[in-house]
Amino acid sequence: MPLCQRDLPYPHWEFSDPDSGDLLRVVPERGGLISGWRCGDWEVVYLDLERFHDPAQSVRGGFPVLFPITGGLPDNQLPLPQGAFTIGQHGFARQLPWQMEPLADGRGVALELRDTEETLQAYPFQFLLRMEVRLDPGALEIVTTVSNRSGAPMPFSFGLHPYFNLSSLEEVRFEGLPDECLNHLTMAPAATAEQMQRLAQGIDLLVRPTGPVRLVDEAAGATLELQLSHPFDLVVLWTEPPRPMVCIEPWSAPRQALLSGDRRIELAPGASTELHTRYALIRA
């Protein structure tokens, strides 16, 4: 069967492509987490298993989902016409159990998160978040539909926080980045090239590229290309040495967008929007 349960190396669901042998690993109850993606013989996704086995800690690895905010807010406060609400860094979607089902086209899985009494305490909107995750030949495609099921306009930002394996932080490079970035560590503009020289020391930055962003890992003989689609076309790059990984994160808006209005998405009552992203692995 293309979709089956596995117990090792941790409890998860596994979806495999019968033609290519590529596979996904998914843990719906841990924030709808895509915990693994094997493309050919390459384990693309990084996962800290020791930390994953401790539910008291946030996950370091996989594809954590950032919703309804990306980044954090001053004092964790979200002011809205309905009042002031307390919401933590990156929102709550990565901390809640999701529902999962196989896609009708047989190419992957669908993950869904709906509002609950708990989410309404932090974010006073009825919503449906649906992620359709598909294996393409040599690629992973994610289409996210955000629906406002409440009676008031619903502001949000959305992001993915995927971790990718590296042969070494010292032996990779990026292509397709603009000259300037926003350094999240100082919240000030910076030269992207200077930040790239600090990969092995740790970076946290946001860029606004005009095309695909590529991670070139020459030692592994692989290039990972993030293909972007508006409005899901900002990119955050993050490393946490000495972990041999990098996060290449598509975001719809920068930090504090629900306060500043910068690229904030606001859905009318009953409205929906789709956000598209695709990662392609190119082997030498």
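Before reading on, note that the structure itself is shown above.
Residues numbered from 1 in each chain as written. Predicted model: local features only at pLDDT ≥ 70, side-chain atom pairs only at ≥ 80, totals over all residues. Heavy atoms only, no water.

Caption draft 1: Highlighting the pairing of strand β4 (residues 33–39). Taking burial as the measure, the 7 residues of β4 include 6 buried ones, the bulk of the element. As judged from the 5 bridges shared by strand β3 (residues 23–27) and β4, these two strands associate in the antiparallel manner. Considered in β4, the bridge of L23 is made with R38. In sequence, β3 turns back onto β4 through a hairpin of 5 residues, with G31 there showing a positive phi of about 75°. (Buried < 20%, exposed > 50% of the residue type's maximum accessible area, 1.4 Å probe, protein only. Helix = DSSP H or I, 4+ residues; strand = E, 2+ residues; numbered from the N terminus. Pairing = 2+ DSSP bridges.)

Caption draft 2: Representation of the side chain of E249. Mapped onto the secondary structure, E249 falls in strand β23 (residues 245–251). Despite being buried, E249 has no salt bridge partner; R255 is the closest side chain of opposite charge, sitting 7.7 Å away. There is a polar contact of 3.5 Å between the side chain of E249 and the side chain of H161. Engagement of the side chain of E249 in a polar contact is seen with the side chain of W251, the distance being 3.0 Å. Discounting chain neighbours no more than four positions away, the residues touching E249 are L66, L160, H161, P162, L234, V235, V236, W238 and Y279. (Lys, Arg positive; Asp, Glu negative; His and termini not counted. Salt bridge = Lys/Arg side-chain N within 4 Å of Asp/Glu carboxyl O. Polar contact = N/O pair within 3.5 Å; in protein donor to acceptor, adjacent residues only side chain to side chain. Contact = heavy atoms within 4.5 Å.)

Caption draft 3: Structural detail: the sheet that holds strand β21 (residues 222–228). The strand order across the open sheet formed by 8 strands is β9-β10-β11-β12-β25-β21-β20-β16, and the pairing between neighbours is antiparallel. Looking at which strands have only one partner, the edges of the open sheet turn out to be β9 (99–102) and β16 (172–175). Going across the sheet, the axis of each strand differs from the next one's by a mean of 15°, ignoring polarity. The pairing of β16 with strand β20 (residues 213–217) spans 4 bridges and is classified as antiparallel. Residue pairing across strands places R173 opposite V216, the latter belonging to β20. (Axes fitted to C-alpha atoms, helices over the stretch in contact; angles between N-to-C directions.)

Caption draft 4: Main features of empty space enclosed by the protein. On inspection of all chains with the given rule, the structure shows 1 cavity of 30 Å³ or more. By volume, the largest cavity amounts to about 70 Å³. Taken together, W42, V44, F164, N165, L215, D217, A222, T223, L224 and L281 make up the lining of the largest cavity. For the lining of the largest cavity, the elements supplying multiple residues, two or more each, are β15 (163–165), β20 and β21. Tallying contributions element by element places β21 first for the lining of the largest cavity, with 3 residues. When the residues that make up the lining of the largest cavity are grouped by side-chain class, the tally is 7 nonpolar, 2 polar and 1 charged. (1 Å grid on protein atoms, 1.4 Å probe; cavity = no way out; pocket = protein on both sides within 12 Å on 5 of 7 lines; lining within 4 Å. Points joined across faces, edges and corners; volume = space filled by probe spheres on them. Nonpolar A, V, L, I, M, F, W, Y, C, P; charged D, E, K, R; others polar.)

Caption draft 5: Fine view of the environment of E249. Overall, the relative accessible area of 2% leaves E249 in the buried class. Taking the C-alpha atoms as reference, E249 lies 9.1 Å from L206; in sequence the two are 43 residues apart.

Caption draft 6: Expanded view of the pairing of strand β17 (residues 180–183). Judged by which residues are buried, β17 turns out to be one-sided: C181 and N183 face inward and are buried, whereas E180 and L182, on the alternate face, are not. Across 4 bridges, the pairing between β17 and strand β18 (residues 188–191) is antiparallel. When the sheet's bridge partners are listed, C181 is paired in β18 with A190. Hairpin connection, β17 to β18: the antiparallel pair is bridged by 4 residues, and M187 has positive phi, about 55°. Bridging between β17 and strand β19 (residues 204–207) involves 2 bridges; their strand directions are antiparallel. For L182, the partnering residue across the bridge sits in β19 and is L206.

Caption draft 7: Representation of the packing of aromatic side chains in the model. As enumerated under the stated definition, the model contains 15 aromatic pairs in all. Here F67 and F156 contribute two aromatic rings whose centre-to-centre distance is 5.8 Å and whose plane-to-plane angle is 55°, an arrangement assigned as tilted. Within this pair, whereas F67 is found in the loop between β6 (65–66) and β7 (77–80), its partner F156 is found in strand β13 (residues 154–156), the two being separated by 89 residues in sequence. You can call F156 buried: its relative accessible area is 0%. Taking the centre distance of 6.1 Å and the plane angle of 90° together, the rings of Y163 and W238 count as edge-to-face. Here the residue Y163 occupies a position in strand β15, and W238 occupies one in strand β22 (residues 234–238), the gap between them amounting to 75 residues. Comparing Y163 with W238, the two get one shared label, buried. Ring-pair connections join several aromatic residues into one group, and the members of that group are F67, F92, Y123, F125, F127 and F156. Cation over ring: R30 sits above F52, and NZ or CZ is 4.5 Å from the ring centre. (Phe/Tyr/Trp six-rings, centres within 6.5 Å; stacked < 30°, edge-to-face > 60°. Lys NZ or Arg CZ within 6 Å of the ring centre and 35° of its normal.)

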